[in-house]
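Examining the three-dimensional arrangement
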Amino acid sequence: MDSRQRQFEALVQAYAADLFRFALWMCHDNELAEDLVQETYMRAWKSLDSLQDYAAAKAWLLTILRREVARHYQRCSTPLISLEDLAREPASRAVDQTTAFVLRQSLRRLDARYREPLLLQVVGGFSCDEIARILDLQPGAVMTRLFRARQKLRAQLEEPVPKIDKR
Amino acid sequence: MQCLEVRRQLTAEPGSRDPALLAHLAGCSSCAAFARQQQAFEARLAAAVDLPVPEGLSARILLNQSTRLRRRQRYRFGLGIAAGVLLVTGLAGMLLLPRHPAPLEQTVLQHVHDELDHLAGQHAVSPVQLRQLLAAHGVRLENGLGPVRYAGACRIRESEGVHLVVDVNDKPVTVLLMPDESLAERRTFRDERFSGVALPVTNGSMAIIGDDPVAVQQVEQRLREALHFLS
């Protein structure tokens, strides 16, 4: 197996799951999410030699995926998750299912300019600086959007949004 | 750090390991309690976004990739067999051949259609980055090309070349440098959207493709003046 093939397989093993979750959150359809990830990796294979820094591989793949999502944007359905769907989902952690349900609904309804950086952070594990590069924003703008995203989500849970007093 | 700044940062980045922030938390019980609240919420958020991944996803991706590669190899193998049969039987014009390889022009047009997103790129490529990329492919940049929206290595017909998108009065024009593709003479071509020109260069060939034929000509002129191909 040549080194190019080995590199590609390493990228698949390392990042396919997170790419799928991100795609699923962007398009809300399991089959479409997998198609998008498949196309992402095919494009990545074609331009693998342009990846100079393997430390940035995940961000590079996310950038390709976001372009694929943009192409399919018009065709993405956004069904709200039903209680039946929720019942079929395995419990990922010991978390109150109602809270998870409300959070998912709220996340789907969140404006894309808040949802996307939040997903990159929580699903992708990217830092604010990395998110800024992926989204072509200033780091300060990313911080603001992440702040507002969480404030909005907490408000949906009818949690008291912690006051941030000037001190 | 002030409490306000700490709390804003914790809301945006609950997992922050900023030393100044951690030092503040160690000395401020109120902000430490705030941090615990944020982490509790973060745990619920992380669990909520942790959607299940279909089993076998990685295997299907690798299978898809290897299937596409094998199709290309089978196609080339089929061509080799057909050529051998021609030689043996001497029936040069009478055998049914598998699909001929697409002429270079068709291949470059298809490549541009496959990579349309590069035309919309807004990332201004710096002259330094451009020089480095070209130098890595045996090309010296002697003059400016104007604004460059995209620059990267790419594969065309399994050979590595350079893919650029240059700006001409806000119109994107694609330039493909293909070191392993030989061409006898300059040729023009078009499809329903793009016009293009392909021409031989010292170590391969170059294609220039755009929506506007005038912009394509302008880029061809720029390239003739700007690029020096090292043999």
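Model, not experiment: these values are computed from the prediction.

1. A few points about the overall build of chain A
A tally of helices and strands in chain A yields 8 helices and 0 strands. Element order for chain A, N to C, with α for helix and β for strand: α-α-α-α-α-α-α-α. For chain A, the proportion of its 167 residues judged to be buried stands at 51%. With the model as given, the accessible surface of chain A reaches about 8400 Å², and the carbon-plus-sulfur share is 48%.

2. Structural notes on the pairing of strand β6 (residues 195-201) of chain B
In summary, the side chains of a regular strand alternate between the two faces of the sheet. Residues and elements named next belong to chain B. Along β6, 6 of the 7 residues are buried, which leaves the element largely enclosed by surrounding structure. In this sheet, β6 lies alongside strand β5 (residues 187-190) in antiparallel orientation, the contact comprising 4 bridges. Residue pairing across strands places Arg187 opposite Ala198, the latter belonging to β6. What sits between β5 and β6 in their antiparallel hairpin is a turn of 4 residues. Pairing between β6 and strand β7 (residues 204-210): 7 bridges, direction antiparallel. Considered in β7, the bridge of Val197 is made with Ile208.

3. Quick word on the environment of B:Thr174
All names here are of chain B. Within the secondary structure, Thr174 is located in strand β4 (residues 171-178). Thr174 sits in the buried class, given a relative accessible area of 1%. Spatially, the C-alpha atom of Thr174 lies 7.5 Å from that of Val112, the residues being 62 residues apart in sequence. Among all residues touching Thr174, those that are not within four sequence positions of it are Val112, Leu119, His163, Leu164, Val165, Ala207, Ile208 and Ile209.

4. As for the packing of helix α1 (residues 3-27) of chain A against helix α3 (residues 57-72) of chain A
All names here are of chain A. It is at 10 Å that the axes of α1 and α3 come closest, and there the two elements cross at 35°. Our pair here, α1 against α3, has a crossing hand that is right-handed. Across the interface between the two elements, Leu11, Tyr15, Asp18, Leu19, Phe22, Ala23 and Met26 of α1 pack against Ala57, Lys58, Trp60, Leu61, Leu62, Leu65, Arg66 and Val69 of α3.

5. Topic: helix α8 (residues 139-156) of chain A
Across its 18 residues, α8(A) extends 26 Å between first and last C-alpha, which sits within 8% of the 26 Å expected from 1.5 Å per residue. Turning to α8(A), its buried residues are A:Val142, A:Leu146, A:Phe147, A:Ala149, A:Arg150, A:Gln151, A:Leu153 and A:Arg154.

6. Looking at the confidence of the model for chain A
With 78% of its residues at a pLDDT of 70 or more, chain A has an overall mean of 81. Contacts for the low-pLDDT stretch residues 75-95 of chain A, under 50 throughout, to residues beyond four places or in other chains number 33 contacts.

7. Focus on empty space enclosed by the protein
Residues and elements named next belong to chain B. Counted according to the given criterion, the structure contains 3 cavities of 30 Å³ or more. Roughly 50 Å³ of internal volume is contained in the second largest cavity. Contributing to the lining of the second largest cavity are His137, Val139, Val162, Leu177, Met178, Pro179, Val201, Asn203, Gly204, Ser205 and Phe229. Broken down by secondary-structure element, the contributors of at least two residues to the lining of the second largest cavity are β4 and β7. For the lining of the second largest cavity, the residue count by class is 7 nonpolar, 4 polar and no charged.

8. Concerning the state of the cysteines
If you walk through the whole model with that rule in mind, you get 0 disulfides over all chains. Residue B:Cys28 stays outside any disulfide, its sulfur separated by 3.6 Å from that of B:Cys31, the closest cysteine.

9. Structural notes on the packing of helix α6 (residues 112-122) of chain A against helix α7 (residues 128-135) of chain A
The packing of two helices is summarised by the inter-axis angle and the distance between the axes. Residue and element names in this part refer to chain A. Their axes nearest at 10 Å, the elements α6 and α7 cross at an angle of 130°. With respect to α7, the axis of α6 lies oblique. As for how α6 packs across α7, the hand of that crossing is right-handed. Contact residues: Glu116, Pro117, Leu120 and Gln121 in α6; Cys128, Ile131, Ile134 and Leu135 in α7. For the contact of α6 with α7, the residue count by class is 6 nonpolar, 1 polar and 1 charged.

10. Examining the packing of aromatic side chains
Any aromatic ring pair is given by two values, namely how distant the centres are and how the planes are angled relative to each other. Residue and element names in this part refer to chain A. Tallying each qualifying case throughout the model produces 2 aromatic pairs over all chains. Ring plane angle 90° and centroid distance 5.8 Å describe the contact between Phe8 and Tyr41, whose orientation is recorded as edge-to-face. One end of the pair, Phe8, is in helix α1; the other, Tyr41, is in helix α2 (residues 30-46), with 33 residues separating them in the sequence. Classification of Phe8 as buried rests on a relative accessible area of 0%.

11. With respect to helix α3 (residues 29-49) of chain B
The first and last C-alpha atoms of α3(B) sit 30 Å apart over 21 residues, in line with the 30 Å expected at 1.5 Å per residue. Among the residues making up α3(B), those that are buried are B:Cys31, B:Ala32, B:Phe34, B:Ala35, B:Gln38, B:Phe41, B:Glu42, B:Leu45, B:Ala47, B:Ala48 and B:Val49.

12. Let's talk about the sheet that holds β6(B)
All names here are of chain B. The antiparallel open sheet is built from 6 strands, whose spatial order is β2-β3-β4-β7-β6-β5. Every other strand in the sheet has two partners, leaving β2 (148-156) and β5 as the edge strands with one partner each. Here the average twist between neighbouring strands, direction ignored, is 20°. Pairing analysis gives 6 bridges linking β4 to β7, with the strands arranged antiparallel. In the sheet register, Leu176 faces β7, and the bridge partner there is Ala207. Where helix α6 (residues 127-135) meets the sheet, it contacts β2, β3 (159-168) and β4, and its direction lies at approximately 20° from that of β2.

Scoring rules and cut-offs
- Residues numbered from 1 in each chain as written.
- Chains lettered and ligands numbered in written order.
- Predicted model: local features only at pLDDT ≥ 70, side-chain atom pairs only at ≥ 80, totals over all residues.
- Heavy atoms only, no water.
- Helix = DSSP H or I, 4+ residues; strand = E, 2+ residues; numbered from the N terminus.
- Buried < 20%, exposed > 50% of the residue type's maximum accessible area, 1.4 Å probe, protein only.
- Areas by Shrake-Rupley, 256 points an atom, 1.4 Å probe, with all protein chains shown as cover.
- Pairing = 2+ DSSP bridges.
- Contact = heavy atoms within 4.5 Å.
- Axes fitted to C-alpha atoms, helices over the stretch in contact; angles between N-to-C directions.
- Left-handed = near helix turned anticlockwise from the far one by under 90°.
- Expected span 1.5 Å × (residues − 1).
- pLDDT = per-residue confidence, 0-100.
- 1 Å grid on protein atoms, 1.4 Å probe; cavity = no way out; pocket = protein on both sides within 12 Å on 5 of 7 lines; lining within 4 Å.
- Points joined across faces, edges and corners; volume = space filled by probe spheres on them.
- Nonpolar A, V, L, I, M, F, W, Y, C, P; charged D, E, K, R; others polar.
- Disulfide = S-S within 2.5 Å.
- Parallel < 35°, antiparallel > 145°, perpendicular 65-115°, else oblique.
- Phe/Tyr/Trp six-rings, centres within 6.5 Å; stacked < 30°, edge-to-face > 60°.

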